[in-house]
Each structure stands twice: as structure tokens, then as C-alpha cells.
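Structural characterization, general
Each chain, written out:
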Amino acid sequence: MQWETVIGLEIHVQLATKTKIFSGASTAFGAAPNTQACAVDLGLPGILPVVNEEAINMAIKFGLGIDAEINKVNVFERKNYFYPDLPKGYQTTQLEKPIVGAGHVDITLTDGSTKRIRVHHAHLEEDAGKSLHEDFHGMSGIDLNRAGTPLIEIVTEPDIRNAEEAVAFAKKLHSIVTTLGICDGEMSQGSMRFDVNVSVRPKGQKELGTRTETKNLNSFKFMEAAIFKEVERQIELIEDGGTVIQETRLYNGDTGEARSMRSKEEANDYRYFPCPDLLPVIIDDSRLEKLKAEMPEMPDAKKARFITDFGLSDYDAEILSADQATAHYFEATVSVSDDAKLSANWIMGDLSKSLNQNGMSIPESPVSADMLGGLIKRIKDNTISGKIAKEVFEVLWQGECSTADEVIEKKGLKQVTDTGAIEAMIDEVLASNAQQVENYRAAPEDKRGKMIGFFVGQCMKASKGKANPGMVNQILKQKLDG
Amino acid sequence: MAIDASGIKKVAHLARLSIDDNAVEATTATIGSILELVDRMQAVDTQGVEPLAHPLDAIQRLRPDIVTEENQREQLQSCAPAVEEGLFLVPRVIE
Amino acid sequence: MYDKTIAEQSRALASGEISSVELTQSYLDRIKQYDGDINSFITVTEELALKQAKAADALRTAGNANAMTGIPVAHKDLFCTEGVKTSCGSKMLDNFIAPYESTVTGKFKDAGAVMLGKTNMDEFAMGSSNENSHYGPVKNPWDKSAIPGGSSGGSAAAVSALLAAGATGTDTGGSIRQPASHCGITGLKPTYGRVSRYGMVAYASSLDQAGPMTRSAEDAAIMLNTMAGFDTRDSTCLNHEVPDYTASLNDSLEGLTIGLPKEYFTAGLDSEVEQQIRNAIAEYEKLGAKVKEVSLPNAELCIPAYYVIAPAEASSNLSRFDGVRFGYRCEDPKDLMDLYIRSRSEGFGEEVKRRIIVGTYALSAGYYDAYYRKAQQIRRLIRDDFLNAFKECDVIMGPNAPTSAFDLGSMSNDPVAMYLSDIYTLSVNLAGLPGLSVPAGMANNRPVGLQIIGQHFDEARLLNIGHCFQQATDWHQKSPALV
């Protein structure tokens, strides 16, 4: 049977505010346990929440970034359940009136096609603390530093059909929130966490199959693997005559294993009701207008501009506009090199390869956009060949010099473009390879194109790569074809 | 809307409360009489009436995003039942 | 001097007639002498009180005093007081030394007032008789076989028995006004949002409001001057100008229109109580006020609406008492569920558990609309009734309770009967209005208070109306004879 996978995502995005959503405690990552959990975050008797303005602003920016309606009247509700990492016994969240209404995100797939994924809504809520399971005499330790960190939970429609789309969506979302500056995008620190709802159905069937939810995936790789695994599990289960039960599952990224959460707890009854400690948050037009004016160029707009202004291919533009740092690096490189295509190739080629090999990100690159731009400029004006350029890049990467010109000067890599010098060199090469010259001249016209490569290679070798390859080619042809 | 003993037990469990077996009957009767009292509301037609959450129709004030609370762990944990290495200890959490 | 009002004591302190240390000591002595029986205090902070009194005297000498400087007061034991046990009348918080200060008690501290201690109360402010306290019931100083009212029963009894010059209370459904009425003192529940709730252990967040409990309307004005005001830590505290509540106490009542809700004067009201209320209203007519019958058609619905909304909010507010970060934790929990269930079941008293169960039920799946939502709709009807009535009158007057204080133990096994006795006070909280109770006579040899309900933020007017009555009558000057 042919199966179709249906996927919906719920993504928790930690907002990059300085303080918690309802308290003035810091949200900085990595502090000693409970040193950033104030009386409000601990839910001490008598404490009260006050809403952080920046959390509201960031949530609105997200809404504007995905073309969504912003709800003007916002109500916070309490979701009641007991858990040690939930200090008040309820999570303050939004249910009836989420701040961000329906919107959409367009993704580009590897075949170049684009697909629109609808966002059902996004709501503001507070993060929970963490349970640490190291052994404290058979006890767990509770750290509430994270408790109260503002989150937006983004809920998609079940528009996603496979892991590739899910990952493309996740990456696009990462690009959107980092471009907006509302999230640091540090997945390894839990700044973005994905819950994946997966179901399968026979191709052509209209109604959805029973879905499972795999929670708290914090890397694109894990998400992809978890989806593959869950789809496979569901199909096997059904094909073996079983049925999928609706459940929450946990995926262990280290082992690649997934399991059902052994929650014996009764069907959840969260007893949502409007939080009586908070009043409705009203978003007025002046706030909206101000935030609209502050919106940066979004990845889609940037991509479109890269295509029209720089003549990039759709694929190149997609990659270079995906995150703020890459886009910024690219534009800075072009402004020096004045060649968008070469800049794009270098960034996606040699630079990206070196970064990957060293586990670095673009802002950490030892070769700055200025340096790379300077290098490309010298390729463009024929000072060096593309091959020599790789050598220059390597020197720059090692940090031995700070500009391409300095490398070229120091190592004498300047390309030879003097016709006389090239002619002399060619004459020498032809003289010491008389047999090959004879063979060449005896060969029919259509074989010669290939044979000339040998002479070019010899010439380049003789010049230590510095001879201008175009000129070598041209002069060789003249001399050989006579 | 009457509630029976098993209903009371279920609700109590949701609230993480236990009711002694020998008190279930009396508790069910008392809660039942309270629910009977509040059920007087059901006779009122409230169609179209907007629920009132706060009496003064005020709106939420927003707080500037400035750190005002520094580390007060020692003081705030002074009344905690069990703490180790700055963590609150609870019986093992099983997910 | 302990038998004088705050206003009088303040003048005596200012003139040097007495020091705060002397005044404080006189109250501490009386607490030792009489409170063993009355049980109005959970904690007496003797050492701290004398230290604060000394500091207050120094402030006076330095010329930095205000009306509250050096005045010995007591705080209901649900205001967090840094370094001092804050029990909320519950075993759950018997070991809870608050690590921070509530806004209200902090304001008294800043004003140089002296804290004598923390007063007894119904557990988590749930009750109308102060019999639901882990620390035992409070007795009514006027008649020790009677309840003092609740939930601020300890504060009311302490002020009535002259064990404190004034006290703070909180009022979620009548918990200031009803005990004030039963103990023959003055009690004011301000407009919702007038006084910060920060640091007050929450019972029902949308209803809770702190206020003064004193021996006169003038004293209530003095205390409210210290308590009222905007607080950035409480989202529901409103940024509304705070007048000097003592400035308008003597304004004329000529032309005042008093509304008497016909629904308040029905068969359920004890005839002796009704007589005292009618006498008081007649007194107001002598002072130049006009009386008019008004209607609050949904008045009776305040009971079901309140007993859904308050327990629902409470069920959520009290979830934080889970034995993890503070408060009572059961012995040797065998697992997490056991920790939760035993800590909560052992730490909470019967009435608290009852209300948590009712509130949990009212919010649970399938019942939300029929209970919580419905109650919030009725809440609007009740508020609108008041707003309509206030188109015809300036204030509304009536009783605080259907009877004067009932006997200890007489209703403790019948929560529904107890709930029904809250009929005259609950709607004021649902509507967020200010309400004042002033002593207005005796019924069945126990005090009766007149309830005066004002429009939002009309505290100054209420205190003015209470004060004028107290200029013309002497009910507020009477004190119980203690043995």
C-alpha cells in the first residue's frame, strides 16, 4: 500500500528578552542552579506576575514576520497541572486569545519548488524549569532558572508531508526568528524545541490517521531522524494489523531510540481559566505601527532582492538569505569584491567547507567578508587565477596575513600576463616536447581540443600556476596550429 | 449536577488531595450540597452576557525589560524542605 | 492610652505625652494578659515590636514622623513579613518564615508603625467564623461563646479587645466587614485595585483586597493613607490618585442620597439586626441624608457566583503548596505522587480541601461553561445592578450579616448554612466596590455593624459618612469588658 505522512509541528521558541515574562529575573543561559529564580519564578505565596513589554513586542514581531493577524486583546490563561518543574502548579499561557493568529511560512525544497505551510497560531507562555535526574540519593533536583522564560509556541496546520519539508520549515523558522532578533537560535541550549505530530494514512484517504506527538526535539537532525523512525513504526504497525494509539513519545537523540512516555496519569484535564492576576493586554495601533517600522528585511524579501539585485540563482539566494549572519557576510563580501556570483560561489564553496571542517559558524570565520572580498577582487582583475586564489585563501584562513594583496605580494603569486614572457615559456615547453607537438599536428581537428590540455598543463607547471590560463591557451593555439 | 463518590475521588486526585475511605460518603454529601447551592445559577438566563473577569475593566500594564531581581537563592531556599547543591530535591521524576 | 484611637495616640506621641515604647509595651502586656483566651494572635513579635517602637521614637525625635509612626498594629497572618512566620492559619505554612515583605506591611514598616504580631484567621482566608484555623478558633471578645467572624477574625478581635491600636485585614467575600461588624469595630474593604495585593497569600485573586480594621472611621482613614496606592508589582493594582482620606472626614452629609436595597431587608434578616440598621439610617436622616429604596435584582445570586469563582481561583492559587519549595512536606514520601498527595492532604484543613475540590470541579472539562463561565456572567449582572443603583443614590446601606455573631460551633458542620450567611457581603467583592462597616448597636447582646457600600474609588466618601455617624453616636467607643 502507498502511505502518506501528515505532519504538524509545535515549536517552542525562547524569546531573547533580558528578563522573564512575568518577573525581573535574568534569562541568561548557564547560571548556577536557582540563582536566576526569584520569588515570582519560585511561585512563593503572595507573589504576583507583571508582563514584560519586550516579550509582547517580540511576539508581535513574529506575527508580522509571518504575515499573521495580531490579536489586539490578549488574555493569559492558567493551564493547571502538577509537576516539580512547574512551580505554581499552573503554566501561564494563552488559549482562547493567542497573540498571533493565522499566518504562513513559505519553504523551498531541494528540487527548487516552494511550498506554503500554514501557521495556525502562535501564543505566549512561560517556560518551565528543569528536572535534573543525576542521582541525589534517589531524588531528582529541580532547577527553576528557566522557569518563566518567555516562549512563543508556534502551531502549524498539518500541512507538512515528510521529514524534508519538516526540516525545511524548521530551518526557515530558525531563519525568521534570528533575523527578527527575537530568539538567539541556539538549539543546543534549548532556544528552539520542536514537538512533532505525525500520522500516516493510505494515499488518497481524506481523514487523518491517529497521530502521535514526539516531544522536545532540539536539533534539525534529531527531528528528521525522529520523523523517519516514527513514520516507519506507524506503517509497520498498521501493516502488521495493529493500530496507532494517540500518545506522547520521547526520542533519544544519542541512541536514536524512541519510546512511549510511561505517563500513567489520567487523561489530562488542564482546567484552563483566565489568569485572575493578570489583566487583558491590549495591543494598540501605535505599538503595531512602531514595531512595523522596526521590522528588518525578512528572509523571503532578502532572497528576492538577492535574485533581482545580484542575479543569483534561486538556490544560491535561498542559502545566502537563510540566516542573518550569512546574508550579512555575503553582502559585505559583494560590496568589496563587486562580483556577486563569485562571492556566492566562494561563500558556499571554500568558506563553507572550511567552516564545516572546523565546526565554526560564519561569525567565527578567520577570513572576514572584507578579506574574502579583497581576494575575489584580485581574481576578477586577473591578478591571480582561481587556482592561486585557493592558495591565498588558505593563507588567509591560517591567519598569516590579513589581506589577499599582502599574501600575493609576499609569496609572489601575481599572475603573469606579459605576452612576451608567456611566449618565451611556451616556446620552451614546445621545444622540449617535440614528439607531442608532432602528434598534435598530425591529429585530426576534433581530437586537438583535448590534446592541447597537455601543453596548457606543462605551461602552468612551468609558471608555477602564475601564468594567465586564458592567455596561455590562446598563444598555444596560435603557435601549434600555426 | 450531582456528583457521586467516584467523581469526588477523581476530582480530588486532580487536585492532588486524598479523601479517607471512611470520609468519602460525608465529603460527597457536603460537596453535593454545595454544588446544589451553586446550581441556583443555572436558572438564570445569561445568554449574551459577557463574562466579567475583573470588576474594573482595567488593562494590563507592561513592565520594562530590565533585570531587577539579582540572585537571592540562599534567602529564598531558607524555607525549602530539601535542597542540595542549590537544587530543590523531590522524589525521582520519571518521565 | 491603649483605649484611645490611633488619631488620639498619634497626637499623644507627637506631644511627647507617651513614647511608642511605652504604648507598645502596654499592648504587649494586654496581649499576655488576655489573648490566651481570645486567641487573636498566631505570632506575637515582642522583641521586634519593641525594637521598632524604639526606632519610631527616634524618628519622632528627629522630626520625621507621620500619623502612623510609633502606632502599634497587628497584621493578618497572610501578609508576608520578612523573617517572621506567615502561616495563613494553616499547618501548610506553619514552618514558613516569609523571605520577603508584602507591599502593605512594607508600607507600615516604612511609615514607622510598630508590628505587634500576626493575627489569627480562617485558614487561607476561607471561612466566616474563624473556626477554620490550624491555631484554633478566635473568640469574640464581647462574648466568648460567640465567633468573632472571619476570615479576619483575629484582627477584629484584637482591635475590639484593645490588643492592638489597629490591624490589617483582607476581604474576599466579607472577611473585613463581617468580623468588624461582629466585634463592634470599624472595617473598610477598599475598591479592588486600591491596595496592592503583592505579598498577600492569595485566596481568590480577582476578589481579594486588603483594608484597615480600626476603632473609628478616622483611624481607618489614617491607616488607608498608608496602605493605598499604586504598586508596580501588582498588575491588578490601579494607578489611581490617592487622596488624603482624613481631609474630607467632616464634609457635610447634607443632600446625600442613601439607597436601601429592598432585597437586603427580607425575611432572612434577624429583626433585632434590622432594627439597629434602621436606627442607624434614621440617624443619617437627622444628619441631612435622604433615603431611597433601590433594587439589586440579582443580589441572591452572589452566593452561587462567589462560591464558584472564589473556589475556582483558590484551587489554582493553592496548587503551589506542593511540598517542593516551601511549606509542609509529608514524612518520607515514597514517590512524587505520594509527596503531592500527602503533603497537601495533611497540610490543608477540611474547609480548604472542600473549596479546592469544588473549584477543581467547577473548572474541569465539561463543567467550565456551566460553572465558571456562568458565574462570571452573573458577576457582570451583579456589578451592573450596583452601577444602575448608583444612578439613583450615592451610597448603599444595609447589614453586613443576617444575624449578629453566632455561637462557636453552631455552624461548623454545615458549610452551606455558613455560606448563606455571607449574603450581604459577597456581591461587593464581585463588583469590586468599596464597603465600610461601622458599629451601629447591639442585637442579642452582640455588636451589629452597618454596611455602607460606595462607588469605585469612593473610599474617602465612605469614611466621611462613617465618621459623621461616629460624631453623632458612640457605638464605636464601646469596648467589651475583659476578664
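Use the structure listed above.
Treat the numbers as computed from the prediction; the structure is a model and nothing was measured. Throughout this description, residue numbers start from 1 for each chain and increase along the sequence as written. Whichever chain is written first becomes A and whichever ligand is written first becomes 1, with later ones labelled in order. This being a predicted model, a pLDDT of at least 70 is required before a residue's local features are given, and a value of 80 or more before pairs of side-chain atoms are given or counted; all residues contribute to the totals for chains, interfaces and linings. The side-chain quantities take in all heavy atoms of the structure and omit both hydrogens and water.

What follows deals with helix α11 (residues 350–363) of chain C. Along its 14 residues, α11(C) runs 20 Å from first to last C-alpha, staying within 8% of the 20 Å computed at 1.5 Å per residue. Only protein chains enter the accessibility calculation, which uses a 1.4 Å probe; a residue is then buried when its area is under 20% of its type maximum, exposed when over 50%, and partly exposed in between. Only DSSP runs of H or I with at least four residues qualify as helices, and only runs of E with at least two residues qualify as strands; both kinds are numbered from the N terminus onward. Among the 14 residues that make up α11(C), 13 are buried, leaving the element largely enclosed by the rest of the structure. Given the number of residues in a helix, its expected span is that number minus one, multiplied by 1.5 Å.

Attention shifts here to the pairing of strand β5 (residues 90–93) of chain A. Residue and element names in this part refer to chain A. Residues Y90 and T92 line one face of β5 and the alternating positions Q91 and T93 line the opposite face, and both faces are buried. Where strand β4 (residues 77–80) meets β5, 4 bridges bridge the pair, whose relative direction is antiparallel. The residue bridging E77 from the neighbouring strand is T93, located in β5. Should DSSP find at least two bridges between two strands, the strands are regarded as paired.

Lining residues are defined by having an atom within 4 Å of a point belonging to a cavity or pocket. Those points lie on a 1 Å grid over the protein atoms alone, cavities being sets where a 1.4 Å probe fits but cannot get out and pockets being open sets with protein on both sides within 12 Å along at least five of seven lines. Grid points are joined across faces, edges and corners, and a volume is the space filled by probe spheres set on the points. Applying the stated rule across the entire model yields 6 cavities of 30 Å³ or more. If you add up the space inside the largest cavity, you get close to 130 Å³. A:V40, A:D41, A:K88, A:E126 and A:G148 are, among the 19 residues lining the largest cavity, the residues nearest its centre. Approximately 90 Å³ is the volume attributed to the second largest cavity. If you go around the second largest cavity, you meet 16 residues; those closest to its centre are C:G127, C:S128, C:G173, C:S175 and C:D422. Residue polarity is assigned by list, with Asp, Glu, Lys and Arg as charged and Ala, Val, Leu, Ile, Met, Phe, Trp, Tyr, Cys and Pro as nonpolar; anything else, Gly included, falls into the polar class. Residues belonging to the lining of the second largest cavity are distributed by class as follows: 5 nonpolar, 9 polar and 2 charged.

All right, on to the interface of chain A and chain C then. The accessible area lost on association of the parts is a frequent measure of interface size. Contacts between residues were defined by any pair of non-hydrogen atoms, one from each residue, lying within 4.5 Å. In this assembly, 30 residues from chain A lie in contact with 38 residues from chain C. Each partner contributes to the roughly 2,800 Å² buried at the junction of chain A and chain C, and carbon and sulfur atoms together form 60% of this total. Sorting the residues of chain A by area buried against chain C places A:P45, A:L48 and A:F82 first, and these three jointly supply 23% of that buried surface. In the sections that follow, a salt bridge refers to a side-chain nitrogen of Lys or Arg positioned within 4 Å of a carboxyl oxygen of Asp or Glu. For the interface between chain A and chain C, the tally reads 1 salt bridge. Notably, a salt bridge pairs C:R197 with A:D277, separated by 3.0 Å at the nearest N-O pair. For this analysis, a polar contact is any N or O atom pair within 3.5 Å, provided that within protein one partner can donate a hydrogen and the other can accept it, and provided that sequence-adjacent residues contribute only side-chain to side-chain pairs. Seen at the junction of chain A and chain C, the total is 18 residue pairs in polar contact (both at pLDDT 80 or more). Mapped onto the side of chain A that touches chain C, the elements with two or more residues apiece are β4 and β15 (273–274) of chain A. Here the residues of the side of chain A that touches chain C are counted per class, giving 21 nonpolar, 4 polar and 5 charged. Take the accessible area each of two parts loses on contact, using a 1.4 Å probe, and add the two losses: that sum is the buried area.

Before going further, it helps to spend a moment on unusual backbone geometry. Cis geometry is found at the peptide bond from C:G150 to C:S151, where omega equals 10 degrees. Mapped onto the secondary structure, C:S151 falls in the loop between β3 (114–119) and α5 (153–160). Here the phi dihedral of A:D338 falls at roughly 60 degrees; this positive angle occurs in a residue that is not glycine. By the secondary structure assignment, A:D338 is in the loop between α8 (324–337) and α9 (340–357). Residue A:D338 is classed as exposed on the basis of its relative accessible area, which comes to 58%. Backbone geometry at B:E85 places phi at a positive 50 degrees, although glycine is not the residue there. Mapped onto the fold, B:E85 is located in the loop between β2 (83–84) and β3 (87–91).

The next thing to look at is the interface of chain B and chain C. Facing 49 residues of chain B, the contacting portion of chain C comprises 68 residues. Summed over both partners, the interface of chain B with chain C buries about 5,200 Å², with 70% contributed by carbon and sulfur atoms. On the chain B side of the contact with chain C, B:M41, B:L52 and B:R61 bury the most area, a combined 13% of that side's loss. Along the contact surface separating chain B from chain C lie 2 salt bridges. Across the pair C:R383 and B:D57 runs a salt bridge, and its minimum N-O distance is 3.0 Å. Across the chain B-chain C interface, the total number found is 22 residue pairs in polar contact (both at pLDDT 80 or more). Elements supplying a minimum of two residues to the side of chain B that touches chain C: α1 (5–14), α2 (24–38), α3 (73–76) and β3 of chain B. Broken down by class, the residue content of the side of chain B that touches chain C amounts to 33 nonpolar, 9 polar and 7 charged.

What follows concerns the pattern of salt bridges. Scanning all chains against the criterion turns up 61 salt bridges over all chains. Measuring nitrogen to oxygen at the nearest pair gives 3.5 Å for the salt bridge that ties A:E294 to A:K61. With A:E294 in helix α5 (residues 285–294) and A:K61 in helix α2 (residues 53–65), this residue pair connects regions lying 233 residues apart in the sequence. Looking at A:E294, the relative accessible area reads 39%, which means it is partly exposed. Across the pair A:R249 and A:E247 runs a salt bridge whose closest N-O atoms are separated by 2.8 Å. One salt-bridge network, in which partners are shared between bridges, spans A:R78, A:D277, C:R197 and C:D234.

Before going further, it helps to spend a moment on the sheet that holds strand β14 (residues 257–260) of chain A. Residues and elements named next belong to chain A. Across the sheet, 8 strands lie side by side as β6-β7-β10-β1-β11-β12-β13-β14; this open sheet has mixed pairing. A single partner strand is all that each edge strand has here, and the edge strands are β6 (103–108) and β14. Sheet twist, expressed as the mean angle between neighbouring strand axes with direction ignored, is 30 degrees. As paired elements, strand β7 (residues 114–126) and strand β10 (residues 150–156) share 7 bridges and run antiparallel to each other. By the bridge assignment, E126 is partnered in β10 with P150. To obtain each axis, a line is fitted to C-alpha atoms, and for helices this fit is confined to the stretch in contact; angles are then taken between N-to-C directions over 0 to 180 degrees.

All names here are of chain C. Where helix α9 (residues 302–317) contacts helix α12 (residues 369–389), the axes come no closer than 9 Å and their chain directions differ by 125 degrees. Put simply, α9 runs oblique to α12. Helix-helix and strand crossings are classified by hand; for α9 and α12 the assignment is left-handed. Across the interface between the two elements, C302, A305, V308, I309, A312 and E313 of α9 pack against Y371, Y372, A375, Q376, I378, R379 and I382 of α12. Of the residues assigned to the contact of α9 with α12, the class counts are 10 nonpolar, 1 polar and 2 charged. Here is the rule for angles: anything less than 35 degrees is roughly parallel, anything more than 145 is roughly antiparallel, 65 through 115 is roughly perpendicular, and the remaining ranges are oblique. The hand of a helix crossing depends on one turn: near helix anticlockwise from the far one by less than a right angle means left-handed, and clockwise means right-handed.

Here we come to the packing of aromatic side chains. Each aromatic pair joins two rings of Phe, Tyr and Trp (for Trp, the six-membered one) with centres within 6.5 Å, and gets the label stacked for planes under 30 degrees apart, edge-to-face for over 60, and tilted for any other angle. All chains considered together, the criterion is met by 29 aromatic pairs over all chains. Distance and angle both matter: a charge sits over a ring if NZ of Lys or CZ of Arg is within 6 Å of the ring centre and within 35 degrees of the ring normal. Between A:K79 and the ring centre of A:Y270, over which it is positioned, the NZ or CZ distance is 4.4 Å.

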